[in-house]
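Here are the chains, one letter per residue:
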Amino acid sequence: MAGESALSLDNPVFRAFVTYATVVVVKTMLMSVVTAFHRFKNMAFANPEDSAGFKDKEGGRLRPVSNDMVERVRRCHLNDLENVIPFVLIGLLYVTTSPNLSTAVLHFRLFAGARLFHSVAYLLPLPQPSRALGFFIGYFSTFSMAYSIFSKIGLAL
Amino acid sequence: MAGESALSLDNPVFRAFVTYATVVVVKTMLMSVVTAFHRFKNMAFANPEDSAGFKDKEGGRLRPVSNDMVERVRRCHLNDLENVIPFVLIGLLYVTTSPNLSTAVLHFRLFAGARLFHSVAYLLPLPQPSRALGFFIGYFSTFSMAYSIFSKIGLAL
Amino acid sequence: MAGESALSLDNPVFRAFVTYATVVVVKTMLMSVVTAFHRFKNMAFANPEDSAGFKDKEGGRLRPVSNDMVERVRRCHLNDLENVIPFVLIGLLYVTTSPNLSTAVLHFRLFAGARLFHSVAYLLPLPQPSRALGFFIGYFSTFSMAYSIFSKIGLAL
């Protein structure tokens, strides 16, 4: 019912995928730390229990408050979830279609590079269309892998 | 230490999974484009750098603003992340438990059909309980696969 | 081009991973039901079509409204997406690097236990640093697996 799997470290395409997928997932996870940093820096917490140990400038109780930089980091984090997770899922399925090694690595590199640039462009921020460029290169890289999957196995629903 | 894997295109269950998983992930990713469309249509941007090139009706600087349709699309996108990603992850693990082909394909089809309907119901919008119906069919489809996994391998924690 | 895969139920590491990964993904999905419960309890809906069948206390039309408890559950759900999904993705790749069984199971157990505790701490809520503790144990568990992946295959970009 099943044969050899491409999802083995003996397969250089999978090996490259593991590297790039881990890098972009770790990058996404680091956004939690960046969010926490800006929450403490700006004393902008989302929950009453988080700010319970802090006082405001008049020595009163600190209340949950929104902060522009915190919200910016959170939008960047959510955008990562919306793009990095689909990349890893589509990429994993793409690896099982036995793509050409250099073509596959090109997709992985473009995606990883574009998303790192996207984060820098979002957090500094850089003027547009910097962030849009990072977004679309990553986006099309994932779409190109999805297209390649359907080219290989067809689209029989 | 490990034997044959079910995660090969030689396995018709995995082949079907690849098709449906790619379809629903691509559908989820398309929500980014729908969001961008409504941001431009309504001139409702989340970041100052995004609206920097545009003027408001009085020729002044355009400020970030919230828009009902943009927020609707974003809720739909987030709901997809909350449901489509778990489907793909649980589905992938489910495939390794060697389920019956027609049972598996039924789960995949129900999920994919329900989520496409869910998006239509959310974006038009259709009156409730249309969207709820789409949500729950997809939800129970994923839960049914999780239940099937535990039936097969037990729940030894 | 590819050899045996570790992603088979014959591999006890993968078998343990399937169990814990399914548990934490199901736990994440249950947050949708908790959100819905609090939306109905507090009559706090996100969409006009959701509240169309309900009247407010004066018998007028019920409007979409924000509610503290609903927003708390949603933050908990989003935090799960930001942490549980990376755990499952990194964990799956980690399994392919043939880790030691007891080391791997320790990672899976710590993560699953920490995230269950995180949800309880978020929803009750428990005073800090309860939730922070749950968060960081889960966070470092996933990072430790990522580190282990790079130790095994290097970081050739």
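An unreviewed UniProt entry lists chain A under the name Microsomal glutathione S-transferase 1, with Batillaria attramentaria as the source organism. If you open the UniProt record of chain A and go to Subunit (unreviewed entry), you find "Homotrimer; The trimer binds only one molecule of glutathione." Per UniProt, the comment on chain A under Catalytic activity (unreviewed entry) is "RX + glutathione = an S-substituted glutathione + a halide anion + H(+)".

Some words on the interface of chain A and chain C
Each side of the interface is counted separately: chain A has 40 residues, and chain C has 37 residues. Note on chain A versus chain C: buried area summed over both sides is about 3200 Å², and carbon and sulfur give 69% of it. For chain A, the biggest contributors to the area lost against chain C are A:Thr22, A:Met29 and A:Glu49; these three give 19% of the whole. At the surface where chain A touches chain C, the tally comes to three salt bridges. Between A:Asp50 and C:Arg131 there is a salt bridge, with its nearest N and O atoms 2.9 Å apart. Counting every contact that joins chain A to chain C gives eight residue pairs in polar contact (both at pLDDT 80 or more). Sorting elements by how many residues they give to the side of chain A that touches chain C places helix α1 (residues 12–41) of chain A first, with 17 residues. Here the side of chain A that touches chain C is composed, by residue class, of 24 nonpolar, nine polar and seven charged.

Let's talk about the packing of α1(A) against helix α2 (residues 68–95) of chain C
When two helices pack together, their arrangement is given by the angle between their axes and by how far apart the axes lie. Between α1(A) and α2(C), the shortest axis-to-axis distance is 10 Å and the interhelical angle comes to 160°. Regarding the angle of α1(A) to α2(C), the classification is roughly antiparallel. By crossing handedness, the relation of α1(A) to α2(C) is classed as left-handed. Contacts between α1(A) and α2(C) involve A:Phe14, A:Phe17, A:Val18, A:Ala21, A:Thr22, A:Val25, A:Met29 and A:Ser32 on the former and, on the latter, C:Glu82, C:Asn83, C:Pro86, C:Leu89, C:Ile90 and C:Leu93. Looking at the contact of α1(A) with α2(C), its residues break down into 10 nonpolar, three polar and one charged.

Quick word on the interface of chain B and chain C
Opposite the 37 residues of chain B that make contact, chain C presents 40 residues. Across the chain B/chain C interface, buried area totals approximately 3200 Å², and carbon plus sulfur atoms make up 69% of it. At the junction of chain B and chain C, the tally comes to three salt bridges. Among the salt bridges present, the one from B:Arg72 reaches C:Glu49, with a minimum N-O distance of 2.7 Å. Put simply, chain B and chain C have eight residue pairs in polar contact (both at pLDDT 80 or more) between them. Secondary structure elements with two or more residues in the side of chain B that touches chain C: α2 (68–95) and α4 (130–153) of chain B. When residues in the side of chain B that touches chain C are grouped by element, the largest group, 12 residues, is from α2(B).

Focus on the relation of the copies chain B and chain C
Here the two chain copies are tied together by a rotation about an axis and a shift along that axis. Superposing chain B onto chain C requires a rotation of 120° together with a translation of 0.0 Å along the rotation axis, leaving an RMSD of 0.0 Å. Such a turn and shift between the copies fits a three-fold axis.

Points about the relation of the copies chain A and chain C
Between chain A and chain C, which share one sequence, the superposing operator has a rotation angle of 120° and an axial displacement of 0.0 Å; the RMSD is 0.0 Å. Interface residue correspondence from chain A to chain C reaches only 20%, placing this contact among heterologous pairings that use different surfaces.

Describing the packing of aromatic side chains
The geometry of an aromatic ring pair comes down to the distance between the two centres and the angle between the two planes. A full pass over the atoms with the stated rule returns 48 aromatic pairs over all chains. Consider the rings of A:Phe135 and A:Phe136, whose centres lie 5.1 Å apart with planes at 85°: the pair is edge-to-face. Between B:Phe87 and B:Phe111, the aromatic rings sit 3.9 Å apart at their centres with planes inclined by 5°, giving stacked as the arrangement. One end of the pair, B:Phe87, is in helix α2; the other, B:Phe111, is in helix α3 (residues 101–123), with 24 residues separating them in the sequence. With a relative accessible area of 0%, B:Phe87 lands in the buried category. The structure contains a cluster of three or more aromatic residues connected by ring pairs, namely A:Phe14, A:Phe17, A:Tyr20, A:Phe87, A:Tyr94, A:Phe108 and A:Phe111.

Examining α3(B)
Residue and element names in this part refer to chain B. Compared with the 33 Å implied by 1.5 Å per residue over 23 residues, the 33 Å span of α3 between its first and last C-alpha is a close match. Regarding α3, the residues found buried are Ala104, Val105, His107, Phe108, Phe111, Ala112, Ala114, Arg115, His118, Ser119, Ala121 and Tyr122. Looking at the buried positions of α3, the neighbouring elements they touch are α1 (12–41), α2 and α4.

Details of the packing of α3(B) against α4(B)
All names here are of chain B. Interaxial distance between α3 and α4 falls to 8 Å at its minimum, and their mutual angle equals 155°. Relative to α4, the element α3 lies roughly antiparallel. Considering how the two elements wind past one another, α3 and α4 form a crossing that is left-handed. Residues His107, Phe108, Leu110, Phe111, Ala114, Arg115, Phe117, His118, Ala121 and Tyr122 of α3 pack against Ser130, Arg131, Gly134, Phe135, Ile137, Gly138, Ser141, Thr142, Ser144 and Met145 of α4. Its residues assigned to classes, the contact of α3 with α4 shows 10 nonpolar, eight polar and two charged.

So, how was this worked out
- Residues numbered from 1 in each chain as written.
- Chains lettered and ligands numbered in written order.
- Predicted model: local features only at pLDDT ≥ 70, side-chain atom pairs only at ≥ 80, totals over all residues.
- Heavy atoms only, no water.
- UniProt positions renumbered as here; feature names shortened; annotations may be inferred.
- Contact = heavy atoms within 4.5 Å.
- Buried area = accessible area lost by both parts, 1.4 Å probe.
- Salt bridge = Lys/Arg side-chain N within 4 Å of Asp/Glu carboxyl O.
- Polar contact = N/O pair within 3.5 Å; in protein donor to acceptor, adjacent residues only side chain to side chain.
- Helix = DSSP H or I, 4+ residues; strand = E, 2+ residues; numbered from the N terminus.
- Nonpolar A, V, L, I, M, F, W, Y, C, P; charged D, E, K, R; others polar.
- Axes fitted to C-alpha atoms, helices over the stretch in contact; angles between N-to-C directions.
- Parallel < 35°, antiparallel > 145°, perpendicular 65-115°, else oblique.
- Left-handed = near helix turned anticlockwise from the far one by under 90°.
- Least-squares fit on C-alpha atoms with pLDDT ≥ 70 in both.
- Phe/Tyr/Trp six-rings, centres within 6.5 Å; stacked < 30°, edge-to-face > 60°.
- Buried < 20%, exposed > 50% of the residue type's maximum accessible area, 1.4 Å probe, protein only.
- Expected span 1.5 Å × (residues − 1).

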